[in-house]
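For reference, the chains in residue letters:
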Amino acid sequence: MLLFFATSINYIDRQVIGLLKPVLEKDFHWNEKDYGYIVMAFQASYAVGLLIFGRLIDSYGTKIGYAASVIFWSIAAMLHAVAKTTFGFGVARTALGLGESGNFPAAIKSVTEWFPKKERALATGLFNSGTNIGAVIAPIMVPVILAYYGWQQAFIFTGALGLIWLSFWILFYDIPSKQKRLGAAEFAFIHSDDAGRMESAGSNFSWIRLFGYRQTWVFLIGKFLTDPIWWFFLLWLPDYFSGTYHLDLKKPGWELVVVYTSTSIGSIGGGYLSSYFIQKGWSTFRARKMAMFIFAVCVLPVMTARYATNMWTVVALISLAAAAHQAWSANIFTTASDIFPKKAVSSVIGIGGMAGAAGGILFPFIVGNILQYFKDAGNKTAGYNIIFTICGCAYLFAWVVMHFLTPKSKVVTF
C-alpha cells in the first residue's frame, strides 16, 4: 500500500503539466517545440537521477533513499507555481525529474526485500498500478483545481501529497530483518527462494561492473525502446484529445480516466499472468518472456487508431495499448530482481531507468517536431497517426532484441 500510494502521487505530480499544457501554452506563448524541450528537461534530469538514487538506495537502504526522493520531488512540484517564464518551468521540471527518479529503484528494491520471486511480478503490478491510478485521479483533480483556484494551486495541492505520505513511510516501513511485526514463518517464506541470502542496506560491489553483464544490457535496451511510449501516453494524450476531439480541459477528462483505469487492469493482470505461469510449473524466465510477448502483441492495434471514426473506438485502442505497456512494465521490472542479487537491484533499475529516460529525452524531441510540422501544415492529427504507428511497433521490436541478446546463463551472482 505504501509503494502504491507513493507511485500514485509520483504520477499525479508529473502529469499536472500535461493536463495544463493548453492553458500554459497560451499564458507563456509556447509552441510544440517549447513543450517538447520542457519535457526533455524533465527526462534528462530523471535519467541522471536514476543513476544517483539507484546507487544511493543500494548504499543507504530503501527507507532513507525513498524518503529523500519524496521530499525532493514534492518541493520541486510545488515550485512550478512560482515559475514566471518558460525557463523557470524548465528549471522546476529538471528538479522534479531528479527527485521523482528515486521512486522505482526504491519500490522495486522494496518488493525484492519483501517478496519471493514467484510473487514479485504480481506485487510489482499492484504497486505499479499506482501509476495508472495517479493518471486517473489527475484528470479529475487538476481541472477542478484549475477552474476554481488557477493553475498555480494545481501544482501546490498535488505537490503537498508527497509530504503527507512521508509520515506513513517513516512510521511503518522497514526491511524484514528489522521489522518487529513480522513473524518467523512469514520471514522464512519471503526468503524461501533466496538461497539463504540476507538483505542488507550496504553494498559491496562495483557499480561499473554491472555494465560488464549482458543481462544489464538486455534490461537497459528493453527500457530504452519502450519507456518513451508511456511518456507519450502520459504527457501528450490530453493535448491529442483536446485538439482532435475538442476535450474541455477545465472539466473532468473521462476519456483519459477510461484510458488510465484500463492500465491499472493491465498492470495487475500483467503481474498475475507471469506468476500464474510460474505456478503452473514454468521456469521464471520462460514465464516472463511469454507474458511480455503477449503484451507486445496487444500494443499493435493502436496503429489502427487513424482509421477510427468514433472517439470511443480510439479510446479503446489507446486503452489496450496503455494497459499492455503497464503489463509489460510489471514484468520487465521484475526481471531485474530475478537476475541480480538484492544488493544490486536498485542500481540495475537505475541503469535501466536511465536508459528509458534517455529514450524519453529523444522521443519528445521527435514527437514535438512531428507535431509542429503537421500543425504548421494544418493537419496535426496526421502527426499523431505517425506517432501511434511508432508506438505500436516498439514493444515487439524490443522483445525480439531482448530475446536474441539474453545469454544462456541468465542469473548473475557476485
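The model shown is predicted, which means the values in this text are computed figures rather than measured ones.

Cut-offs applied
Residues numbered from 1 in each chain as written. Predicted model: local features only at pLDDT ≥ 70, side-chain atom pairs only at ≥ 80, totals over all residues. Heavy atoms only, no water. Helix = DSSP H or I, 4+ residues; strand = E, 2+ residues; numbered from the N terminus. Rg over C-alpha atoms; globule rule 2.2 N^0.38 Å. Buried < 20%, exposed > 50% of the residue type's maximum accessible area, 1.4 Å probe, protein only. Areas by Shrake-Rupley, 256 points an atom, 1.4 Å probe, with all protein chains shown as cover. Lys, Arg positive; Asp, Glu negative; His and termini not counted. Charge placed at Lys NZ, Arg CZ, Asp CG, Glu CD. Core = buried A, V, L, I, M, F, W, Y, C linked by side-chain atoms within 4.5 Å. Contact = heavy atoms within 4.5 Å. Patch = residues over 30% accessible without salt bridge, like charges linked within 9 Å, V, L, I, M, F, W, Y side chains within 5 Å. Salt bridge = Lys/Arg side-chain N within 4 Å of Asp/Glu carboxyl O. Expected span 1.5 Å × (residues − 1). Phe/Tyr/Trp six-rings, centres within 6.5 Å; stacked < 30°, edge-to-face > 60°. Lys NZ or Arg CZ within 6 Å of the ring centre and 35° of its normal. Axes fitted to C-alpha atoms, helices over the stretch in contact; angles between N-to-C directions. Parallel < 35°, antiparallel > 145°, perpendicular 65-115°, else oblique. Left-handed = near helix turned anticlockwise from the far one by under 90°. Nonpolar A, V, L, I, M, F, W, Y, C, P; charged D, E, K, R; others polar.

> With reference to specific residues and values, describe the overall build of the protein chain.
Looking only at helices and strands, the protein chain has 14 helices and zero strands in total. Traced from its N-terminal end to its C-terminal end, the protein chain shows the element sequence α-α-α-α-α-α-α-α-α-α-α-α-α-α. The C-alpha radius of gyration computed for the protein chain amounts to 20 Å, which stays within 12% of the reference 22 Å derived for 414 residues, consistent with globular compactness. Expressed along its principal axes, the backbone C-alpha trace of the protein chain runs to roughly 60 × 40 × 35 Å. Taken across its 414 residues, the protein chain has 58% of its residues classed as buried. A total of about 16000 Å² of accessible surface is found on the protein chain, and carbon and sulfur atoms cover 69% of it. In the protein chain, the 32 positive side-chain charges and the 20 negative ones have mean positions that sit 7 Å from each other.

> Report on the nonpolar core, specifying residues and quantitative values.
With 118 residues, the main nonpolar core has Phe89, Phe232, Phe233, Ile318 and Trp328 as its most contacted residues. When residues of this core are assigned to their parent elements, the largest contribution, 14 residues, is made by helix α12 (residues 311–339). Beyond its immediate sequence surroundings of up to four residues, Phe233 is in contact with Tyr260, Ile318, Ala321, Ala322 and Phe388.

> Can you tell me about the environment of Gly97, naming the residues and giving the values?
Locating Gly97 in the fold gives a position in helix α4 (residues 86–100). Those residues in contact with Gly97, other than ones at most four positions away along the chain, are Phe42, Ser45 and Tyr46.

> Talk me through a nonpolar patch on the surface; I want residue IDs and the actual numbers.
Where nonpolar side chains cluster on the molecular surface, the patch consists of Tyr37, Phe224, Leu362, Phe365 and Ile366 and spans about 440 Å² of accessible area. Element by element, the count of residues in the nonpolar patch is highest for helix α13 (residues 345–376), at three residues. Within the secondary structure, Phe224 is located in helix α9 (residues 214–245).

> An account of the pattern of salt bridges is needed here, citing residue identities and associated values.
Following the criterion strictly, the structure yields four salt bridges and no others. Among the salt bridges present, the one from Glu100 reaches Arg14, with a minimum N-O distance of 2.8 Å. Separated by 86 residues along the polypeptide, Glu100 in helix α4 and Arg14 in helix α1 (residues 2–27) bring together distant segments of the chain. Neither Glu100 nor Arg14 differs from the other in exposure class; each is buried. The shortest N-O distance in the salt bridge between Asp227 and Lys223 comes to 3.1 Å. Residue Asp227 and its partner Lys223 are located together in helix α9, separated by four residues, close to a single helical turn.

> I'd like to hear about α12, residue by residue, with values.
With 29 residues, α12 should reach 42 Å at 1.5 Å per residue; the first-to-last C-alpha distance of 42 Å fits that figure. Of all 29 residues making up α12, 25 are buried, and the element is well covered by its neighbours.

> Give me the lowdown on the side chain of Gln326, citing residues and values where you can.
Mapped onto the fold, Gln326 is located in helix α12. When its relative accessible area of 2% is taken as the criterion, Gln326 is described as buried. Apart from the residues lying within four places of it in its own chain, the contact partners of Gln326 are Asn128, Thr131, Asn132, Trp230, Thr263, Gly266 and Ser267.

> Outline the packing of aromatic side chains, listing residues and values.
Inspection of every chain in the model, using the stated rule, returns 26 aromatic pairs. Here Phe4 and Phe5 contribute two aromatic rings whose centre-to-centre distance is 5.2 Å and whose plane-to-plane angle is 75 degrees, an arrangement assigned as edge-to-face. Residue Phe5 is classed as partly exposed on the basis of its relative accessible area of 41%. An aromatic cluster is defined as three or more aromatic residues linked by ring pairs; in this entry it consists of Tyr11, Phe104, Phe127, Trp230 and Phe333. Above the face of the Tyr11 ring, Arg14 is positioned so that its terminal group lies 4.1 Å from the ring centre.

> Give me the lowdown on the packing of helix α6 (residues 117–149) against α12, citing residues and values where you can.
For the pair α6 and α12, interaxial distance at closest approach is 9 Å and the crossing angle is 135 degrees. In terms of orientation, α6 and α12 fall into the oblique class. Between α6 and α12 lies a crossing whose hand is right-handed. Here α6 contributes Lys117, Arg120, Ala121, Thr124, Gly125, Asn128, Thr131 and Asn132 to the contact with α12, which in turn contributes Gln326, Ser329, Ala330, Asn331, Phe333, Thr334, Ser337 and Asp338. Across the contact of α6 with α12, the residue classes break down as three nonpolar, 10 polar and three charged.

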